[in-house]
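Coordinate analysis (summary)
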Amino acid sequence: DTAVSQTPKYLVTQMGNDKSIKCEQNLGHDTMYWYKQDSKKFLKIMFSYNNKELIINETVPNRFSPKSPDKAHLNLHINSLELGDSAVYFCASSQREAGKGYTFGSGTRLTVV
Amino acid sequence: GENVEQHPSTLSVQEGDSAVIKCTYSDSASNYFPWYKQELGKRPQLIIDIRSNVGEKKDQRIAVTLNKTAKHFSLHITETQPEDSAVYFCAAGLGKLIFGQGTELSVKP
């Protein structure tokens with residue numbers, strides 16, 4: 001009965017490949033996010049969708065493309081993977097107007113070799 | 001741009017001692033200040049939060065204080081236990097949350 005679920009949990013792939021990470025939340029939240037956590041543990045926001053609309057798009061390479069088919073799902077597609085993309089990617093959700101904290105998914109550890 | 005500074009980056013205390021982690025933020029429009037605990041290999045989990053209209057909040061052994069004028073907020077953990085060992089993140093925002101760099105807390109038995 002996971003509130004925010006991400007798949008896959010681990011992803012090992014070669015440079016140049018294209019991969020996707022999926023996220024689903026069953027909390028009824030209207031806003032979802034992608035955060036990148038690097039090796040130094042820093043959590044940096046990448047994207048946010050509110051009711052399927054992109055509302056935050058930080059300085060992220062064009063190789064990263066989020067997609068939200070509905071407000072319960074937010075996927076992240078990465079083209080032409082590079083070594084520097086290796087990190088843990090966290091999905092999160094919140095109810096925007098409530099102004100409350102996020103609920104995070106369990107993370108996807110991406111390793112590019 | 002928006003920024004949240006967190007100190008210290010590492011903190012080691014003896015079991016039973018108190019631990020204090022401090023954050024400052026740059027965006028004066030921020031009105032929500034959560035704290036997250038992240039254990040090794042796990043997701044960040046919300047442990048306590050405070051809003052801009054409140055100066056202090058307490059929940060058992062943890063407390064947060066907020067000084068909006070100085071744009072400072074702090075996490076206080078009393079009677080620390082080994083299971084408090086983790087990375088703690090502060091965050092500040094208005095909708096979008098900006099996270100601090102994290103504090104690795106180690107509680108030695």
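This text follows the structure it describes.
To start, this report covers the structure provided alongside it. Computed from a predicted structure; not experimentally measured.

Quick look at the overall build of chain A now. Looking only at helices and strands, chain A features zero helices and eleven strands. Along chain A, helices (α) and strands (β) appear in the sequence β-β-β-β-β-β-β-β-β-β-β when read from the amino end. Expected size for 113 residues packed as a compact globule is a radius of gyration near 13 Å; at 13 Å, chain A falls within 12% of this value. Considered along the principal axes of its C-alpha atoms, chain A spans approximately 40 × 30 × 25 Å. By the burial criterion, 43% of the 113 residues in chain A qualify as buried.

Let's shift gears to the sheet that holds strand β1 (residues 4-7) of chain B. Residue and element names in this part refer to chain B. Read across the open sheet, the five strands follow the order β1-β3-β8-β7-β6; overall the sheet is antiparallel. Strands at the two margins of the open sheet, each flanked by one partner only, are β1 and β6 (56-59). If you compare each strand with its neighbour and ignore which way they point, the axes differ by 15 degrees on average.

Attention now goes to the nonpolar core. In this structure, B:Trp35, B:Phe73, B:Leu75 and B:Leu105 are the most contacted members of the largest nonpolar core, which totals 24 residues. Listing elements by their share of this core, those giving two or more residues are β2 (10-14), β3 (19-25), β4 (32-38), β5 (45-51), β7 (62-67), β8 (72-77), β9 (86-94) and β11 (103-108) of chain B. Ignoring any residue separated from it by four or fewer positions in sequence, one finds B:Leu105 in contact with B:Leu11, B:Val13, B:Ala19, B:Ile77, B:Asp84, B:Ser85, B:Ala86 and B:Tyr88. Listed in part, the 20 residues of the second largest apolar core include A:Leu11, A:Met46, A:Tyr49 and A:Cys91.

It is worth spelling out the state of the cysteines at this point. The final tally for this structure, using the stated rule, is two disulfides over all chains. Two residues, A:Cys23 and A:Cys91, share a disulfide whose sulfurs are 1.9 Å apart. Its torsion about the S-S bond being -80 degrees, the disulfide of A:Cys23 and A:Cys91 is classed as left-handed. Of the two residues, A:Cys23 sits in strand β3 (residues 19-25) while A:Cys91 sits in strand β9 (residues 87-94), which places them 68 residues apart along the sequence. Across this residue pair, the class does not change: A:Cys23 and A:Cys91 are buried. The disulfide partner of B:Cys23 is B:Cys90, and the S-S distance across this bridge is 2.0 Å. Torsion about the S-S bond of the B:Cys23 and B:Cys90 cystine: about -100 degrees, corresponding to left-handed handedness. With a gap of 67 residues between them, B:Cys23 in strand β3 and B:Cys90 in strand β9 connect regions that are remote in the sequence. A relative accessible area of 2% places B:Cys23 in the buried class. Classification of B:Cys90 as buried rests on a relative accessible area of 0%.

Between chain B and chain A, the residue contacts involve 15 residues of the former and 21 residues of the latter. Across the interface of chain B and chain A, roughly 1500 Å² is buried in total on both sides, 57% from carbon and sulfur atoms. Broken down residue by residue, the surface that chain B buries against chain A is led by B:Arg43, B:Lys96 and B:Phe99, which jointly contribute 36%. Across the pair B:Lys96 and A:Glu58 runs a salt bridge, and its minimum N-O distance is 3.0 Å.

On inspection of all chains with the given rule, the structure shows 17 aromatic pairs over all chains. Centroid distance A:Phe64 to A:Tyr89: 6.3 Å. Interplanar angle 35 degrees. Geometry classified as tilted. Placement of the pair is A:Phe64 in strand β7 (residues 64-70) and A:Tyr89 in strand β9, with a sequence separation of 25 residues. Summarising the burial analysis for this pair, A:Phe64 and A:Tyr89 share the class buried. Pairing A:Tyr102 with B:Phe99 gives two aromatic rings, centres 6.5 Å apart and planes at 55 degrees, and the pair type is tilted. Placement of A:Tyr102 in the loop between β9 and β10 (103-104) and of B:Phe99 in strand β10 (residues 96-99) is noted, with the two residues assigned to different chains. An identical accessibility class is assigned to A:Tyr102 and B:Phe99; each is buried.

Parameters and conventions
- Residues numbered from 1 in each chain as written.
- Chains lettered and ligands numbered in written order.
- Predicted model: local features only at pLDDT ≥ 70, side-chain atom pairs only at ≥ 80, totals over all residues.
- Heavy atoms only, no water.
- Helix = DSSP H or I, 4+ residues; strand = E, 2+ residues; numbered from the N terminus.
- Rg over C-alpha atoms; globule rule 2.2 N^0.38 Å.
- Buried < 20%, exposed > 50% of the residue type's maximum accessible area, 1.4 Å probe, protein only.
- Pairing = 2+ DSSP bridges.
- Axes fitted to C-alpha atoms, helices over the stretch in contact; angles between N-to-C directions.
- Core = buried A, V, L, I, M, F, W, Y, C linked by side-chain atoms within 4.5 Å.
- Contact = heavy atoms within 4.5 Å.
- Disulfide = S-S within 2.5 Å.
- Buried area = accessible area lost by both parts, 1.4 Å probe.
- Salt bridge = Lys/Arg side-chain N within 4 Å of Asp/Glu carboxyl O.
- Phe/Tyr/Trp six-rings, centres within 6.5 Å; stacked < 30°, edge-to-face > 60°.

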